[in-house]
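The residues making up each chain are set out below.
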Amino acid sequence: MQDSQLSPGLVAMNSVVNACAQAGDDDRAEFWLRRIQSQKLQPDMLSYNGVINACAKRGKAAAAEAWLEQMLTERLEVSAASYNSVINACAEGGEVELAESWLARLLASGLRVLKACARMGEADRAENWIEAMLRSGVAVSEELLRSVSPAEGPARTGSPLRRALYQFSSKGEAGLVEHLERALEYQWVYGYPRAPPGEKQLTHGTFKYISGMQPQTVREMLQCVAPEARSVLDPFCGSGAVLIEALAAGKTAIGCDAAPLALFVSFHHCDGAQANLPTLVVLAREVSDPLCGRSDDRQTLREAITQLPDSPERMALWFVFAVALNIASTPTSKGAFAAPGDPAGSHAKAYFVSAAMRYAARVRELRGTIPGVAAPVRLYSCDMRSLDLGQPVDAILTSPPYPGVYNYLPSNRSAGNRLQGSGPSESADLGSLCSGVVAGLTLTAQRLSDAEDSSADHEIGARRLMLHASRDEFQAVWQRQQEEWLRAAHSCLTPGGTATLMIGDGDTDVENGFDNLASTIAAAEAVGFKLVACSTIESVADEAHRTKGMQRTEHMVHLVAQ
C-alpha cells in the first residue's frame, strides 16, 4: 500500500497488529502500534488488545501490564479480553499476586450485572455476588456496594452491607466526620496503591513501597478537610502519596523521611527529575538493547546507565531500574534481576522497558493534572523529630508509623542496598542520585546500613521493640515517641494550622487494651493540639469475609494547633 502511495488506515494497521499477535510476535506488534501513533492515528481498544495479547502469548506479564496501564491512562474503553490477556500473561509468568490484582480489577469493573440487579430490585441476588467476591478475596468498591442499594450506599452510615463488613465510631462536627469516615472507607475498600476504578492513578505505586495511603483517601482529605491549605507537609512521606496529591491540587508539597529510599521514591513519584519523557523511553530501550538473557544482565544495565552523561533522563532511568528490580524481586516474579542462574533471565529487558513506559505514562498524567506551573517538591532527609522547615506550613497530612507493625528502617535499608549493589562498580547511592536537586535533601554516600540509627528504641514504633520489651515498656516508649514527633509537628504549623493523621492499632495486644487512638490524642493534647474530630473503622465481619485491607482497626484524627 505504501509503495502505491496509499496511506493505510487504522483498520488495516490493526489487522497487521492482530496478525502479529496471533503469531505471538510481540516485538512486531509493538512496532506496528507505534507506526499507528507515528501516522497520527489514534490507537483504539483493538490496537492495544492486539499488543497485549502478543505479550501474553510470550508470558511477558510486565509488558502486557504496562500496555493495559497505558490504555487506562488514556481513558480508552477496556474490555474483559484486555484484562484476561494480562491475567493470562501473569499466569504464564508465575506472577500469582499480580494475576489476582488484575482479576480483582476486572471484577470490580463489572458493574453491569449488579446495576441490573439494583434496577430490578434483586438485592438478594446482588448481595450473593458481592459475598462470592469477598470469599475470593476481592476488595468490594464503594460503587459496587452503592449499585446494590442506591438509597443506602456506603456514603451513608447504617447501610446493611456496611454493617456486614465494618462499622464506624466517630465524634466531632457531623460534616467533618462524614469526610473522615469516607477517607477511612476508601483506605479499607481499595487499599494501597491502586486508585479506585475511574479515578486517576497518577504515579502512585509505580514503585511498590511497603505501605501507603490510598490515593482517594488523600484526595478526600485535601479537598474536603484542608481545602484552603496552600502548603502541605507529610513528615512520614514514604512513597509520596500525600505529596503527589498536593502537587495535583496546586499546593506546595513538602516531605520528610528518615529513610533515603523513601525520599528517592517520593522524588521520582513527584516528577522531581522533570525528564523529557519520549527521550526517557528511547534511552531505556537503548541501554537495555544489549541484554541477552544472561545472569549478569542487572550489572550490564547498571553499567550502561552509569556511563550515560548526567541529565534528568539518566536520573529518571535509575528510578526505572529500581522499579524493574522491585517488581522482578518479588517472590512470584522471574527475571534477570533475580539470583544468578535464574532461567527466566530473558525477562530483564521486558521488565526494564515496560517500567520506563509505565513511568512515562503516569508522569504524563500527573503533569496534565497539575494546575499551572507547580513548585518542585521539597524533601528533607531526617528524623521528623529534628525537622526544621524555617517557614511553617498550613496543614499536615500523614500516616505515622503504627505501633509494633514494621521495622521500617531495616526494611528500607534492605531494599535500598539491593538497588545500590554491594561493590564499588555497582555503586548508585541514593544520595548521589538526588543531591543537588531536592531542596533540603542531604544524603551521605555511605551504604544505608551505616547511614541510619537503627536502634529499636529510637525508631518510632519499631516492631522489634514490641517483640522484645514488656507491654508496659513498649507503651512507655511509644507514648514518649508520640509526644516527640507531635511536638515537632506542632512547631511546623502556622497558628490555627491543622494536622490530619491516619493511624492504626498494632498487630498484638489490641484486644487486651492497647488503644492507639487514645494514646495519639493524649500525646497531641499534651503538646498543644486540640482535637476537632476523629473516626474509627473496625471490622465486624467473620474471618471468611475479611479481605487483606480490612484486618486492623484504623483511625482518622483531625487536630488544630493552638
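Keep in mind that this is a model prediction, so the values were computed, not measured.

**Student:** Before we move on, could you go through the pairing of strand S3 (residues 252-257) and cite the residues and values that matter?
**Tutor:** Taking burial as the measure, the six residues of S3 include five buried ones, the bulk of the element. Bridge count between strand S2 (residues 231-234) and S3: four bridges; the pairing is parallel. Bridge assignment links Val232 to a residue of S3, and that residue is Ala253. Note on the crossover from S2 through helix H13 (residues 241-248) to S3: the handedness is right-handed.

**Student:** Lay out the UniProt feature "repeat: PPR" (unreviewed entry) in the chain with the relevant residues and their values.
**Tutor:** Listed under "repeat: PPR" (unreviewed entry) in the UniProt record, and renumbered for this structure, are residues 9-43, 44-78 and 79-113. Secondary structure across residues 9-43 divides into 74% helix and 0% strand, with the first and last C-alpha atoms of the span separated by 11 Å.

**Student:** Can you tell me about the sheet that holds S2, naming the residues and giving the values?
**Tutor:** Judged by pairing direction, the sheet is mixed, and its eight strands sit side by side in the order S1-S7-S8-S6-S5-S2-S3-S4 without closing on themselves. Of all strands in the sheet, those bounded by a partner on one side alone are strand S1 (166-172) and strand S4 (378-381). Across this sheet, the average inter-strand angle for adjacent strands is 15 degrees, counted without regard to direction. In terms of strand pairing, strand S5 (residues 393-398) meets strand S6 (residues 493-504) through five bridges, oriented parallel. What sits directly across from Val393, in S6, is Leu493. Sheet contacts for helix H14 (residues 260-269): S3 and S4; angle to S4, the most-contacted strand, approximately 175 degrees. The sheet strands contacting helix H23 (residues 471-491) are S5, S6, strand S7 (529-539) and strand S8 (554-561), and the helix crosses S6 at an angle near 145 degrees.

**Student:** Account for the nonpolar core, with residues named and values stated.
**Tutor:** Among soluble globular proteins, nonpolar side chains are generally buried collectively. Core analysis: the biggest nonpolar cluster contains 121 residues, and Trp67, Trp102, Tyr166, Phe207, Leu317, Phe352 and Leu397 have the highest contact counts within it. Here Leu397 is in contact with Met213, Val218, Met221, Leu222, Val232, Leu233, Asp234, Val242 and Thr500, once residues within four sequence places are set aside. The next biggest cluster of nonpolar side chains, apart from the first, holds 37 residues, and it includes Tyr380, Leu389, Ile521 and Leu531.

**Student:** If you had to explain helix H4 (residues 61-73) to someone new, which residues and values would you point to?
**Tutor:** With 13 residues, H4 should reach 18 Å at 1.5 Å per residue; the first-to-last C-alpha distance of 18 Å fits that figure. Most of H4 sits inside the fold, with eleven of its 13 residues counted as buried. Those residues of H4 that fall on the buried side of the exposure criterion are Ala61, Ala62, Ala63, Ala64, Glu65, Ala66, Trp67, Leu68, Glu69, Gln70 and Met71. Backbone geometry just after H4 places Arg75 at a positive phi near 55 degrees.

**Student:** Which residues make up the pattern of salt bridges, and what values do they have?
**Tutor:** In total, this model carries 21 salt bridges according to the counting rule given. Between Glu459 and Arg464 there is a salt bridge, with its nearest N and O atoms 3.0 Å apart. By the burial criterion, Glu459 is buried, and Arg464 matches it. One salt-bridge network, held together by shared partners, links Glu65, Glu69, Arg194, Arg358 and Arg362.

**Student:** Run through the packing of aromatic side chains, naming residues and quoting values.
**Tutor:** On inspection of all chains with the given rule, the structure shows eleven aromatic pairs. Ring geometry for Phe31 and Trp32: centres 5.5 Å apart, planes at 85 degrees, overall edge-to-face. Relative accessible area serves as the criterion here: at 42%, Phe31 is assigned to the partly exposed category. Considering the side-chain rings of Trp318 and Phe321, the 6.0 Å spacing of their centres and the 80 degrees angle between planes classify their relative orientation as edge-to-face. Taken as a pair, Trp318 and Phe321 lie in helix H17 (residues 312-328) at a separation of three residues, close to a single helical turn. Phe321 matches Trp318 in its accessibility class, with the two residues each being buried.

**Student:** Tell me about the environment of Leu98, residues and numbers included.
**Tutor:** Relative to the helices and strands, Leu98 is located in helix H6 (residues 96-108). Each C-alpha atom of the pair Leu98 and Ile87 lies 7.9 Å from the other, and the pair is eleven residues apart in sequence. Once residues lying within four places of it in the same chain are set aside, the contact partners of Leu98 are Glu65, Cys90 and Lys208.

**Student:** Break down the packing of helix H12 (residues 215-225) against H13 for me, with residues and values.
**Tutor:** Running from N to C, H12 and H13 cross one another at 50 degrees; their axes reach a closest spacing of 9 Å. The angle between H12 and H13 places the two elements in the oblique class. For the pair H12 and H13, the sense of crossing is right-handed. Contact residues: Pro215, Val218, Arg219 and Leu222 in H12; Ala241, Val242, Glu245 and Ala246 in H13. Partitioned by chemical class, the residues of the contact of H12 with H13 number six nonpolar, no polar and two charged.

**Student:** Would you mind going over the packing of helix H1 (residues 10-22) against helix H3 (residues 45-57) in detail, with residue names and values included?
**Tutor:** Two numbers describe how H1 lies on H3: the axes approach to 8 Å, and their chain directions differ by 10 degrees. Of the possible angle classes, the one that applies to H1 and H3 is roughly parallel. Between H1 and H3, the contacting residues are Leu10, Asn14, Val17, Ala21 and Gln22 on the first element and Leu46, Ser47, Gly50, Val51, Asn53, Ala54 and Lys57 on the second. Taken together, the residues of the contact of H1 with H3 break down into six nonpolar, five polar and one charged.

**Student:** Account for unusual backbone geometry, naming residues and giving values.
**Tutor:** Note that the residue after Tyr192, namely Pro193, is joined by a cis bond; omega there is 5 degrees. Despite not being glycine, Leu202 has its phi angle at roughly 50 degrees, a positive value. Turning to its location among the elements, Leu202 is positioned in the loop between helix H11 (174-190) and H12. Taking the relative accessible area as the measure of exposure, Leu202 reaches 1% and is therefore buried.

Scoring rules and cut-offs
Residues numbered from 1 in each chain as written. Predicted model: local features only at pLDDT ≥ 70, side-chain atom pairs only at ≥ 80, totals over all residues. Heavy atoms only, no water. Buried < 20%, exposed > 50% of the residue type's maximum accessible area, 1.4 Å probe, protein only. Helix = DSSP H or I, 4+ residues; strand = E, 2+ residues; numbered from the N terminus. Pairing = 2+ DSSP bridges. Right-handed = clockwise from strand over helix to strand, strands pointing away. UniProt positions renumbered as here; feature names shortened; annotations may be inferred. Axes fitted to C-alpha atoms, helices over the stretch in contact; angles between N-to-C directions. Contact = heavy atoms within 4.5 Å. Core = buried A, V, L, I, M, F, W, Y, C linked by side-chain atoms within 4.5 Å. Expected span 1.5 Å × (residues − 1). Salt bridge = Lys/Arg side-chain N within 4 Å of Asp/Glu carboxyl O. Phe/Tyr/Trp six-rings, centres within 6.5 Å; stacked < 30°, edge-to-face > 60°. Parallel < 35°, antiparallel > 145°, perpendicular 65-115°, else oblique. Left-handed = near helix turned anticlockwise from the far one by under 90°. Nonpolar A, V, L, I, M, F, W, Y, C, P; charged D, E, K, R; others polar.

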